[in-house]
Amino acid sequence: MATAGEPRPRSWTVRVRAALDALEHLVGGIGTSVLALLVLLGVAAVAVLCLVGVGLLLARPMLSVVHAVADRERIRLTAMKPDVISPGPGPERLGAALRDRTVQREVLWVAVHGLAGFLLGFIALTIVLNTARDGLFPLYWYLLPPDDATASLGWQVHSLAEALPVSLLGVAWAFLSVALLPAMARLHALPGRRLLPAGSDADVTLRIAHLTATRAAALDAHSAELRRIERALHDGTQNRMVAVNVLVGAARRAAARGSADVDEILGRAQDATEAALAELRAVVRSILPPVLADRSLADALTALAADCPVPCTIDADLPGRYAVSVEASVYFVVAEALTNVARHSGARGVEVVLRRQDDVLHLRITDDGRGGAAETGGSGLGGMRRRIEALDGTFALASPAGGPTTLTVSLPCGL
């Protein structure tokens, strides 16, 4: 392990923003839980009708409705990251559909999310509404009918002196919201994350489509890298060498005239040559960092952390070396991430954790900044994703408003 600083603990501001973000997810989850509850009632009605034979005509369309609602939840969960990939519609024939594991999981999810999800969302909204009701109670209690002027826990209020303590109850509800809402949002999403992803028995075309997309992205990334190198050589090194050529020609002409400016012109040519060499070395380093040839990946990341203006902790427990493409990709992801942290996050600390589990290299980068990072806007996150997915890896970003930001990468590293 190498340490270059300590990240700070999360502040109350960050916790409040995390609670608001969790509330947004819970509100969206209540919508899908209401849909799931309605579909569950429909499934139950069709099951009853099947006893008299009529429901058999409605069973397959009802399973399509179940799949549509499940896909709506997959979209919601994907927005929260990580992605939940849809396995596509089930078999057309009713018997095959009922035996299909994906269809069975979707029906089970409808039951769990429609009942438990609705109840959990209702509890979360009740806590939030009680926070507003009790916190603002002294401002409106006198407008209520005498029998309705009650706090959320039931006691009646007859005067301002009795209304003021109710606001303290609102503060207690607020603390409870901040403490519980993030965990409730994760619990609310748990059934969908366990039951709705494409299973191992999903159609192999999903895998083929993913590989096709990642290979196309790899070709695009390769073409973009070639264009970047060409621009760097054309706009930088080539211009420097043209300047050197012009200066050497000027020096020869000055020498032929016996001018005293020869030494000055040659000095400028030498400076231009050194600048060209520096730019050429920078281009070479951007292709493959030489530090990886001389040192281990952990040592190379430690050097990055030492140069980072934000205090950075590197926790890398890596036995041996890995393929050049894997080490270079990890190095560039960490370098780009630390650059983003320094420029945009306002963080006081960042932690980089690198572990190998079986034949997969796991990277996690966490900072305590303001959050709100997105793959759009020129942050380089889209390029990171393309580089990782081109190696058949996975890339996930969680950056709620208020932070923290967590970037997670998994890369196959072979034997």
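Per an unreviewed UniProt entry, the recorded name for the protein chain is histidine kinase, and the organism is Amycolatopsis albidoflavus. If you open the UniProt record of the protein chain and go to Catalytic activity (unreviewed entry), you find "ATP + protein L-histidine = ADP + protein N-phospho-L-histidine."

K.L.:
So what's going on with the overall build of the protein chain? Which residues, and what values?
P.N.:
When you go through the protein chain residue by residue, the secondary structure sums to 12 helices and 6 strands. Taken across its 415 residues, the protein chain has 38% of its residues classed as buried. Counted over contacts in the protein chain with a minimum sequence separation of 6, partners at least 24 positions apart contribute 70%. In the structure as shown, the protein chain presents an accessible area of about 22,700 Å², 63% of it carried by carbon and sulfur atoms.

K.L.:
Please provide a residue-by-residue account of the nonpolar core, values included.
P.N.:
Leu301, Val330, Val334, Leu354, Leu363, Ile365 and Leu407 are the most contacted members of the largest nonpolar core, which totals 40 residues. Taken together, the elements giving at least two residues each to this core come down to helix 10 (297-307), strand 2 (312-317), helix 11 (324-345), strand 3 (350-357), strand 4 (360-367), helix 12 (381-390), strand 5 (394-398) and strand 6 (405-412). Element by element, the count of residues in this core is highest for helix 11, at 11 residues. Among the nonpolar cores identified, the runner-up in size contains 17 residues, and Ala36, Val46, Ala189 and Leu195 belong to it.

K.L.:
Describe the packing of aromatic side chains, and please don't skip the residues or the numbers.
P.N.:
All told, the structure shown has 3 aromatic pairs when counted by the stated rule. Relative to Tyr140, the ring of Phe137 lies with its centre 5.4 Å away and its plane at 75°, an arrangement referred to as edge-to-face. In this pair, Phe137 and Tyr140 are both assigned in helix 5 (residues 137-140), 3 residues apart and thus about one turn of the helix distant. Residue classification places Tyr140 among the partly exposed positions, given a relative accessible area of 24%.

K.L.:
Residue-level account of the UniProt feature "transmembrane region" (unreviewed entry) in the protein chain, with values.
P.N.:
Taking the numbering used here, the UniProt-annotated feature "transmembrane region" (unreviewed entry) corresponds to residues 34-58, 107-129 and 163-185. Secondary structure over residues 34-58 splits into 84% helix and 0% strand, and the C-alpha atoms at its two ends are 21 Å apart.

K.L.:
Give me the lowdown on helix 11, citing residues and values where you can.
P.N.:
With 22 residues, helix 11 should cover 32 Å at 1.5 Å per step; its first-to-last C-alpha distance of 30 Å lies within 8% of that length. Trailing helix 11 by a residue or two, Gly346 shows a phi angle of about 70°, which is positive.

K.L.:
Account for the pattern of salt bridges, with residues named and values stated.
P.N.:
The tally for this structure, following the rule as stated, stands at 5 salt bridges. When the shortest N-O distance is used, the salt bridge between Arg74 and Asp71 registers 2.6 Å. With Arg74 and Asp71 both in helix 2 (residues 55-80) and 3 residues apart, this pair spans about one turn of that helix. A residue is classified by how much of its surface remains accessible, and Asp71, at 22% relative accessible area, is partly exposed. Ionic pairing is found between Arg356 and Asp359, a salt bridge with its closest N-O pair at 3.1 Å. Take Arg356: its relative accessible area is 27%, and that puts it in the partly exposed class. In this structure, a network of salt bridges that share partners links the residues Asp71, Arg74 and Glu106.

Cut-offs used in this document
- Residues numbered from 1 in each chain as written.
- Predicted model: local features only at pLDDT ≥ 70, side-chain atom pairs only at ≥ 80, totals over all residues.
- Heavy atoms only, no water.
- UniProt positions renumbered as here; feature names shortened; annotations may be inferred.
- Helix = DSSP H or I, 4+ residues; strand = E, 2+ residues; numbered from the N terminus.
- Buried < 20%, exposed > 50% of the residue type's maximum accessible area, 1.4 Å probe, protein only.
- Contact = heavy atoms within 4.5 Å.
- Areas by Shrake-Rupley, 256 points an atom, 1.4 Å probe, with all protein chains shown as cover.
- Core = buried A, V, L, I, M, F, W, Y, C linked by side-chain atoms within 4.5 Å.
- Phe/Tyr/Trp six-rings, centres within 6.5 Å; stacked < 30°, edge-to-face > 60°.
- Expected span 1.5 Å × (residues − 1).
- Salt bridge = Lys/Arg side-chain N within 4 Å of Asp/Glu carboxyl O.

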